[in-house]
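An overview of the molecular structure
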Amino acid sequence: GDKHLDNYNKYILIRAIMEIGTGLNLSNQNQKGMELGLKLSLSPATNHSLLFKANNCPSVEGRIFGALWDSTLDRYSELISLFGICLIFIQAGWFWMGITTFAAMIGSVMVSYVRARAEGLGIECKVGLMQRPERVVVTAFVAILAGLTENLWWLAGGMTVIAILANITAFWRVAHCHKELKDR
């Protein structure tokens, strides 16, 4: 086997567990655990793309599986984090913000799904305003602000932005693919 790939895949799993832990800390409103997880998951040391390139994985199969593994765990960790935020709103009696956060979850999945489906059809599809890096930064930023100020309005604003822009991005990608297929 490819030693670099094995290390990379283990690293991705550890990072996903850390992000899932962050989501669970969010749902339990554990401020210290949530902040630590968000800071670690955003730090340059945890940028798995750079780590993978630095290790220079030589096998094509390894790189393909690594990409699949990484994307799969990214979806899980993002959805669990957003579910934690959804639970915060429900527990606080902010029902409609729970629904809004659920819409953010749907948009997040659809942005990734449309891109993956498009790439399966041979169409490059990176258009839009709210790809995963942007969603992670917005979520982390508003979660930290909400924790520091003890004010859920920060989370509400961030989830509203993600809900709107992620779903716009998903439909933008569908329109982009329609145009690309029509022009073939």
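Reference entry: report on the structure contained in this document.

Regarding unusual backbone geometry
Of note in the backbone geometry, Glu-150 takes a positive phi value of approximately 55 degrees without being a glycine. Among the structural elements, Glu-150 can be located in the loop between helix 6 (132-149) and helix 7 (152-182).

Overview of the packing of aromatic side chains
Using the criterion set out here, one finds three aromatic pairs in the structure. With a centroid separation of 5.8 Å and 25 degrees between ring planes, the pair formed by Phe-89 and Trp-94 is classed as stacked. Given the relative accessible area of 23%, Trp-94 is considered partly exposed. Relative to Trp-153, the ring of Trp-94 has its centre 4.8 Å away and its plane inclined at 55 degrees; by these criteria the two rings are tilted. Taken together, the residues Trp-94 in the loop between helix 4 (60-91) and helix 5 (95-120) and Trp-153 in helix 7 connect sequence positions 59 residues apart. Through a chain of ring-to-ring contacts, three or more aromatic side chains come together here, namely Phe-89, Trp-94 and Trp-153.

Quick look at the packing of helix 6 against helix 7
Following both chains from N to C, one finds helix 6 and helix 7 inclined at 165 degrees, their axes separated by 8 Å at the closest point. On the basis of their axis angle, the class for helix 6 and helix 7 is roughly antiparallel. For the element pair helix 6 and helix 7, the recorded crossing hand is left-handed. Contacts between helix 6 and helix 7 pair Arg-135, Val-138, Thr-139, Val-142, Ala-143, Leu-145, Ala-146 and Thr-149 from the former with Trp-154, Leu-155, Gly-158, Met-159, Ile-162 and Ala-166 from the latter. The residue makeup of the contact of helix 6 with helix 7, split by class, is ten nonpolar, three polar and one charged.

Focus on the nonpolar core
With 19 residues, the main nonpolar core has Ile-85, Phe-89, Leu-155, Met-159 and Ile-162 as its most contacted residues. Among the elements that take part in this core, helix 7 stands out by supplying seven residues, more than any other.

So, helix 7
Turn by turn, an α-helix covers 3.6 residues, leaving residues three or four places apart pointing in a common direction. The terminal C-alpha atoms of helix 7, which comprises 31 residues, lie 45 Å apart, in line with the 45 Å expected from a rise of 1.5 Å per residue. Every buried residue of helix 7 is listed here: Leu-155, Ala-156, Gly-158, Met-159, Ile-162, Ala-163, Ala-166, Thr-169, Ala-170, Arg-173, His-176 and Cys-177. N-cap assignment for helix 7: the residue whose side-chain oxygen lies 2.9 Å from the backbone N of Trp-153 is Asn-151.

Observations regarding the environment of Lys-126
Tracing the backbone through its elements, the reader meets Lys-126 in the loop between helix 5 and helix 6. For Lys-126, a relative accessible area of 45% translates into the label partly exposed. With 47 residues separating them in the primary sequence, Lys-126 and Arg-173 have C-alpha atoms 7.7 Å apart. Dropping the residues within four chain positions of it, Lys-126 is found in contact with Arg-115, Gln-131 and Arg-173.

Some thoughts on the environment of Trp-172
Tracing the chain through its elements places Trp-172 in helix 7. A relative accessible area of 39% places Trp-172 in the partly exposed class. Each C-alpha atom of the pair Trp-172 and Leu-129 lies 9.3 Å from the other, and the pair is 43 residues apart in sequence. If sequence neighbours within four positions are ignored, Trp-172 has contacts with Val-127, Gly-128 and Leu-129.

Here we look at the side chain of Thr-139
Tracing the backbone shows Thr-139 in helix 6. Taking the relative accessible area as the measure of exposure, Thr-139 reaches 9% and is therefore buried. Thr-139 has contacts with Leu-82, Ile-85, Met-159 and Ile-162, leaving out every residue within four places of it along the chain.

Procedures and definitions
- Residues numbered from 1 in each chain as written.
- Predicted model: local features only at pLDDT ≥ 70, side-chain atom pairs only at ≥ 80, totals over all residues.
- Heavy atoms only, no water.
- Helix = DSSP H or I, 4+ residues; strand = E, 2+ residues; numbered from the N terminus.
- Phe/Tyr/Trp six-rings, centres within 6.5 Å; stacked < 30°, edge-to-face > 60°.
- Buried < 20%, exposed > 50% of the residue type's maximum accessible area, 1.4 Å probe, protein only.
- Axes fitted to C-alpha atoms, helices over the stretch in contact; angles between N-to-C directions.
- Parallel < 35°, antiparallel > 145°, perpendicular 65-115°, else oblique.
- Left-handed = near helix turned anticlockwise from the far one by under 90°.
- Contact = heavy atoms within 4.5 Å.
- Nonpolar A, V, L, I, M, F, W, Y, C, P; charged D, E, K, R; others polar.
- Core = buried A, V, L, I, M, F, W, Y, C linked by side-chain atoms within 4.5 Å.
- Expected span 1.5 Å × (residues − 1).
- Polar contact = N/O pair within 3.5 Å; in protein donor to acceptor, adjacent residues only side chain to side chain.

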